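# Notes for the structure review
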Amino acid sequence: MTLRLSRELIRSRPVAALASVCSVAALAAPAPAIAGGASASSGNGGIAKPTVVLVHGAFADASGWDGVVERLQRDGYPVIAPANPLRGLASDSAYIASVLKSVKGPVILAGHSYGGAVIGEAAAGNRNVKALVYISAFMPDKGETLGALGAKFRGSELGPALRQVPFQDGDGTTGTDLYIKPDKFHQVFAADLAASTAAQMSATQRPISATAFTEKARGAAWKSIPSWFLVATKDRAIAPDLERFEAKRSGSHTIEVNSSHVAMISHPGTVTSLILDAIRTEASGTPSLATTGSTTSATGLIGVGAIVAGVGLIVAVRRHQARDR
């Protein structure tokens, strides 16, 4: 199910009318239980909320999620944004998997960029993970490498923008770290942010080991866990067409946003709304593994269940769009 979000769509009269009808129906319906059987009550008498775990990608740190964390916490959700080691897909996934095992109850797991590859492997076999949310991310299948996956489509400017720096670990082993060149960072990574903000991000970027792009993915949790995907249409780090391919292949519930690679920074309200849509859909107890290859739009001939899910997302975007920037 693909929804192309825009201010014109959200403000259109047919959508507003449909959203109002569905909002009334939602108010009249009993509160759903969290998928997976969580039953502890929250402070306001509702069902216990899942923990949202946010995994950052390469050339960044967990602070990139700050706008999303603020909004989720404001809505009462427990949030964890761990540090992704960025040392290699296998070791990073194992580390994030250990973080997930420390969380009690249901988890909604989101990953940005390289973090998408990490969550797809880290969540494999973890029954507490109820939904995966990919934000302009890599989403490899088992056996794929990020290097090969990234070469499938044109549109990425990341390769020529990288600077290689040798490193040595304490045990004597050596490797190569990858950084984005300072003069390319704004254009390739964060074009819709202020130049001064991008300059600060460039100066504090965390490098990723080159081996992360050559290791084969050992798991693809999106094959068994429902997924949501945000395609950043102005992304120059990961080709937007690759993001569309991944989302279609996995059958993800998909939206497209006019954003650079760092949608969680430039559009935190929209990213939060997508995460909340995943939470609500899973909480409803309705089947949520999207049909692979579905390309229906919000105005097409789609089923009632898809309409309700789509309107839920639109209403959520309305709620957060005022706080999006």
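Before going into details, it helps to say that this report is about the structure given with it. Because the structure is a prediction, the values reported are computed rather than measured. (Residues numbered from 1 in each chain as written. Predicted model: local features only at pLDDT ≥ 70, side-chain atom pairs only at ≥ 80, totals over all residues. Heavy atoms only, no water.)

## Observations concerning the packing of helix α8 (residues 182-189) against helix α9 (residues 195-203)
Defined as follows: Structural elements are reduced to axes, namely lines fitted to C-alpha atoms, with helices fitted over the stretch in contact, and the angle between N-to-C directions of any two is expressed from 0 to 180 degrees. Runs of H or I in DSSP of at least four residues are treated as helices and runs of E of at least two as strands, each being numbered from the N terminus. Just so you know how the angles are binned, under 35 degrees is roughly parallel, over 145 roughly antiparallel, 65 to 115 roughly perpendicular, and the rest oblique. Handedness of each helix crossing follows the sense of rotation of the near helix against the far helix: counterclockwise by less than a right angle gives left-handed, clockwise gives right-handed. Pairs of residues are marked as contacts when any of their non-hydrogen atoms sit within 4.5 Å. Any residue that is not Ala, Val, Leu, Ile, Met, Phe, Trp, Tyr, Cys, Pro, Asp, Glu, Lys or Arg is counted as polar, Gly included; the first ten are nonpolar and the last four charged.
For the pair α8 and α9, interaxial distance at closest approach is 9 Å and the crossing angle is 120°. Here α9 runs oblique to α8, going by the angle between their axes. Judged by the sense of rotation from one axis to the other, the crossing of α8 with α9 is right-handed. Between α8, through Pro182, Phe185, His186 and Phe189, and α9, the contact on the second element is made entirely by Ala195, Ala198, Met201 and Ser202. Split by residue class, the contact of α8 with α9 holds six nonpolar, two polar and no charged.

## Side note on the pattern of salt bridges
Counted only if it meets this: Take a side-chain nitrogen of Lys or Arg and a carboxyl oxygen of Asp or Glu: if they are within 4 Å of each other, that pair is a salt bridge. Each residue's exposure class comes from its accessible area (1.4 Å probe, protein chains only) as a fraction of the maximum for that residue type: buried when under 20%, exposed when over 50%, partly exposed otherwise.
As enumerated under the stated definition, the model contains seven salt bridges in all. Residues Asp141 and Lys223 are paired through a salt bridge, measuring 2.9 Å at the closest nitrogen-oxygen approach. Here Asp141, found in the loop between β5 (129-135) and α6 (146-150), pairs with Lys223, found in the loop between β8 (208-209) and β9 (227-232); they are 82 residues apart in sequence, far enough to count as distant. Judged by relative accessible area, Asp141 falls into the buried class, the value being 18%. Classification of Lys223 as exposed rests on a relative accessible area of 52%. Close ionic contact of Arg244 with Glu256 constitutes a salt bridge, the shortest N to O distance being 2.7 Å. Residue Arg244 is located in helix α10 (residues 240-250), and its partner Glu256 is located in strand β10 (residues 253-257); the two are separated by 12 residues in the primary sequence. In this structure Arg244 comes out as partly exposed when scored by relative accessible area, which is 29%. According to the relative accessible area criterion, Glu256 is buried, its value standing at 7%.

## Comments concerning the sheet that holds strand β6 (residues 162-168)
Using the following cut-off: Two strands qualify as a pair provided that DSSP identifies no fewer than 2 bridges between them.
Reading across from one edge, β6-β7-β8 is the order of the three strands in this open sheet, with antiparallel pairing throughout. Each edge of the sheet is formed by a strand with only one pairing partner; in this case those strands are β6 and β8. Of the pairings in the sheet, the one linking strand β7 (residues 174-180) to β8 comprises two bridges and is antiparallel in character. Paired with Leu178 across the two strands is Ile208, which belongs to β8.

## Some details on helix α3 (residues 66-74)
Among all positions of α3, only Gly67, Val68, Val69, Arg71 and Leu72 are buried. Just downstream of α3, Gly76 is the residue with a positive phi angle, here 90°.

## Some points on the environment of Arg244
Here the alpha-carbon distance between Arg244 and Thr254, two residues 10 residues apart in the chain, equals 8.5 Å. Not counting residues up to four positions away in its chain, the partners in contact with Arg244 are Val231, Thr233 and Glu256.

## Topic: the packing of aromatic side chains
The cut-off we apply is this: Stacked, edge-to-face and tilted labels apply to pairs of Phe, Tyr and Trp rings (six-membered ring for Trp) whose centres lie within 6.5 Å, assigned for plane angles under 30 degrees, over 60, and everything in between, in that order. In this analysis the charged atom, NZ for Lys or CZ for Arg, is taken to sit over a ring once it is within 6 Å of the ring centre and within 35 degrees of the ring normal.
If you walk through the whole model with that rule in mind, you get five aromatic pairs. When the ring of Tyr134 is compared with that of Phe229, the centres are 5.9 Å apart and the planes differ by 10°; the resulting orientation is stacked. Linking Tyr134 in strand β5 with Phe229 in strand β9, this pair joins segments that are 95 residues apart in sequence. There is no split in this pair, since Tyr134 and Phe229 are both buried. Ring centres of Phe138 and Phe213 lie 6.4 Å apart, and the angle between their planes is 80°; this geometry places the pair in the edge-to-face category. Here Phe138, found in the loop between β5 and α6, pairs with Phe213, found in the loop between β8 and β9; they are 75 residues apart in sequence, far enough to count as distant. Taking relative accessible area as the criterion, Phe213 reaches 15% and is therefore assigned buried. A connected cluster of aromatic rings, assembled from ring pairs, spans Phe59, Phe185 and Phe189. Here Arg87 stacks its cationic end above the ring of Phe167, 5.2 Å away from the centre of that ring. Residue placement shows Arg163 over the ring face of Tyr179; its charged tip is 5.0 Å from the ring centre.

## Some words on helix α12 (residues 268-283)
Which entries qualify depends on this criterion: Take the number of residues in a helix, subtract one, and multiply by 1.5 Å to get its expected span.
The terminal C-alpha atoms of α12, which comprises 16 residues, lie 22 Å apart, in line with the 22 Å expected from a rise of 1.5 Å per residue. Counting buried positions along α12 yields 15 of 16 residues, so the element is predominantly enclosed.

## So, the side chain of Ser266
So the rule is basically this: Polar contacts here mean pairs of N or O atoms no more than 3.5 Å apart (in protein, one a potential hydrogen donor and the other a potential acceptor; neighbouring residues in sequence count only if both atoms are side-chain atoms).
With respect to the helices and strands, Ser266 occurs in helix α11 (residues 263-266). Its relative accessible area of 4% is what places Ser266 among the buried residues. Side chain to side chain, Ser266 and Asp192 meet in a polar contact 2.9 Å long.

In short, the description is geometric, and any link to function would need to be established separately.
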